[in-house]
Amino acid sequence: MLDKLARLEEEYRELEALLADPEVLKDQKRYQALSRRYAEMGEVIALIREYRKVLEDLEGVESLLEDPELKEVAKAEKAELEARKEALERELERHLLPKDPLDERDAILEIRAGTGGEEAALFARDLLEMYLRFAEEMGFETEILDSHPTDLGGFSKVIVEIRGPGAYGTFKYESGVHRVQRVPATETQGRIHTSTATVAVLPKAEESDFQLNMDEIRIDVMRASGPGGQGVNTTDSAVRVVHLPTGIMVTCQDSRSQIKNREKALMILRSRLLEMKRAEEEEKLRKARLAQIGSGERSEKIRTYNFPQSRVTDHRIGFTTHDLEGILSGNLQPLLEALRRADQERQLEALTEA
C-alpha cells in the first residue's frame, strides 16, 4: 500500500506544479479539470500525511517501552496509535479502490414526471434547476438535449447533457425515484400531496463503444410541439429515433435544426444501448454493480423532499438534512459525498467477503 500512497503523493506534487504554470492558466478548461482533481485529492493526501506521522510515532513509542518509568504510559499511547493506524488504513483502502472507468465521462441525465400530474411536472422542473445549479458550481457545462414543457411551466420529460471530466461519476448516484411532499401550486385547500419524478443517469457513449446498425433504426421527423401539444415552429425539425430490435425510442426537438436533433437523438440512443449492454453483462455475472448505491432501477424510491419539515432524506443510506432550500439550490456536495463513501464501504466489504 505504501507504494500506491507514494504514487498519489507524487501526482499531488505534479498537480501543484501544473496549477502554478502560467501556460496552464491560459487554458481554463484544463485548469478547472486539474483544480477539481487537486481538490479531490486533498482528503487522501491529508490522510497519507497523518498515516506517515502515526507510523513515525509508533517507532518512537517502541523505544519508550524499555523505560520502566514510562512503560505504562508508552503502552497506552501505543494502543491509541495502533487503533488510529487501523482506522487510517481502512480510510486509505477506501480511497485506493479501483474506479469505474466510465466515471470520467460526460453524463446524460433524464428527468421524467411520475405520479402526481401537473405537480409531478413542476417537481421535475425543480430537480432540473437543482442539477443545473450544482453542475455550474462544479464547473461542468450543460446542454438541454430535449424537453417537453407543460402548461404550468413544468416538464413531463427533459434530457440534459452534462459535460466535463468526472460528470458521470458525480451524478450517477441520482438514478431512481425522487419523491416530493408539499402543498402543490394547483391545490386550493392547502392539502399536502405526494408526487414523484424519475431520474436516470447514463454515461455518454462514444461511437466506438456501440456501433449502431442504421438498418435497425427508423427515423421519423415531425413538427416540434409545446405545452398542450401546440406546434412551436413551422418546420419539421423534431426527430424521433426508434431502435427496432429493442423498441427504444428517443425524441429530440429542442434545436431548430433537424440535423442537430438527429445527432442528439442518436447520441442518447447509443448511451441507452451501452447501459443496457452493461446491465446484461452484469446480470450474467450475477454481481451487483459495485459503483452504484442500490439497484439504480427507476422503480426504486431513493429520496424524499419534505417541504413542511424542510427535510431531505436519502433512503439508501439514511442520510437526512433539514437544509431543503440549500439542496434545491444545488448544494448537493455533502449528500453525494455521503453516497460515495457508503458505496466505497460496500465495495470494501464485498472484497473482504470474496
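Residues numbered from 1 in each chain as written. Predicted model: local features only at pLDDT ≥ 70, side-chain atom pairs only at ≥ 80, totals over all residues. Heavy atoms only, no water.

**A closer look at the pairing of strand β10 (residues 311-314)**
Here is step 1: Bridge count between strand β9 (residues 301-306) and β10: 4 bridges; the pairing is antiparallel. From the neighbouring strand, Thr304 faces β10, where its bridge partner is Thr313.
Here is step 2: Relative to strand β11 (residues 319-321), β10 is paired through 3 bridges, and the arrangement is antiparallel. Bridge assignment links Val312 to a residue of β11, and that residue is Thr321.
Here is step 3: The hairpin formed by β10 and β11 contains 4 residues between the paired strands, and Gly318 there has a positive phi angle of roughly 70°. (Pairing = 2+ DSSP bridges. Helix = DSSP H or I, 4+ residues; strand = E, 2+ residues; numbered from the N terminus.)

**Things to note about unusual backbone geometry**
Here is step 1: For Ser310, which is not a glycine, the phi torsion comes out positive at approximately 50°.
Here is step 2: On the basis of relative accessibility, which here comes to 28%, the residue Ser310 falls in the partly exposed class. (Buried < 20%, exposed > 50% of the residue type's maximum accessible area, 1.4 Å probe, protein only.)

**With respect to the sheet that holds β11**
Here is step 1: With respect to topology, 8 strands assemble into an open sheet ordered β2-β3-β1-β5-β4-β9-β10-β11, the strand pairing being mixed. Every other strand in the sheet has two partners, leaving β2 (141-149) and β11 as the edge strands with one partner each. Averaged over all pairs of adjacent strands, the angle between their axes in this sheet comes to 15°, without regard to strand direction. (Axes fitted to C-alpha atoms, helices over the stretch in contact; angles between N-to-C directions.)

**Remarks on the environment of Lys157**
Here is step 1: Examined against the element boundaries, Lys157 turns out to sit in strand β3 (residues 155-163).
Here is step 2: Overall, Lys157 belongs to the buried group, its relative accessible area being 9%.
Here is step 3: Considered as a pair, Lys157 and Val199 are 42 residues apart in the sequence and their alpha carbons are 9.9 Å apart.
Here is step 4: If near-sequence neighbours (up to four positions away) are discounted, Lys157 is found in contact with Glu110, Ile111, Arg112, Asp146, Ser147, His148 and Thr251.
Here is step 5: Separated by 3.4 Å, the side chains of Lys157 and Thr251 make a polar contact. (Contact = heavy atoms within 4.5 Å. Polar contact = N/O pair within 3.5 Å; in protein donor to acceptor, adjacent residues only side chain to side chain.)

**Digging into the pattern of salt bridges**
Here is step 1: If you walk through the whole model with that rule in mind, you get 33 salt bridges.
Here is step 2: The salt bridge involving Arg37 is made with Glu11; its shortest N-O contact spans 2.9 Å. One end of the pair, Arg37, is in helix α3 (residues 28-64); the other, Glu11, is in helix α1 (residues 2-19), with 26 residues separating them in the sequence.
Here is step 3: Given a relative accessible area of 25%, Arg37 falls into the partly exposed group.
Here is step 4: Residue classification places Glu11 among the partly exposed residues on the basis of a relative accessible area of 26%.
Here is step 5: The closest approach of N and O atoms between Asp103 and Lys172, which form a salt bridge, is 2.9 Å. Linking Asp103 in the loop between α4 (71-95) and β1 (107-113) with Lys172 in the loop between α6 (167-171) and β4 (176-182), this pair joins segments that are 69 residues apart in sequence. (Salt bridge = Lys/Arg side-chain N within 4 Å of Asp/Glu carboxyl O.)

**Observations regarding the sheet that holds strand β6 (residues 217-222)**
Here is step 1: One open sheet holds the 3 strands; their spatial order is β6-β7-β8, and the pairing between them is antiparallel. Every interior strand has two partners, whereas the edge strands, β6 and β8 (248-252), have only one. Averaged over all adjacent pairs, the angle separating strand axes in this sheet is 15°, with direction ignored.
Here is step 2: Two elements, strand β7 (residues 238-243) and β8, share 5 bridges in a ladder whose sense is antiparallel.

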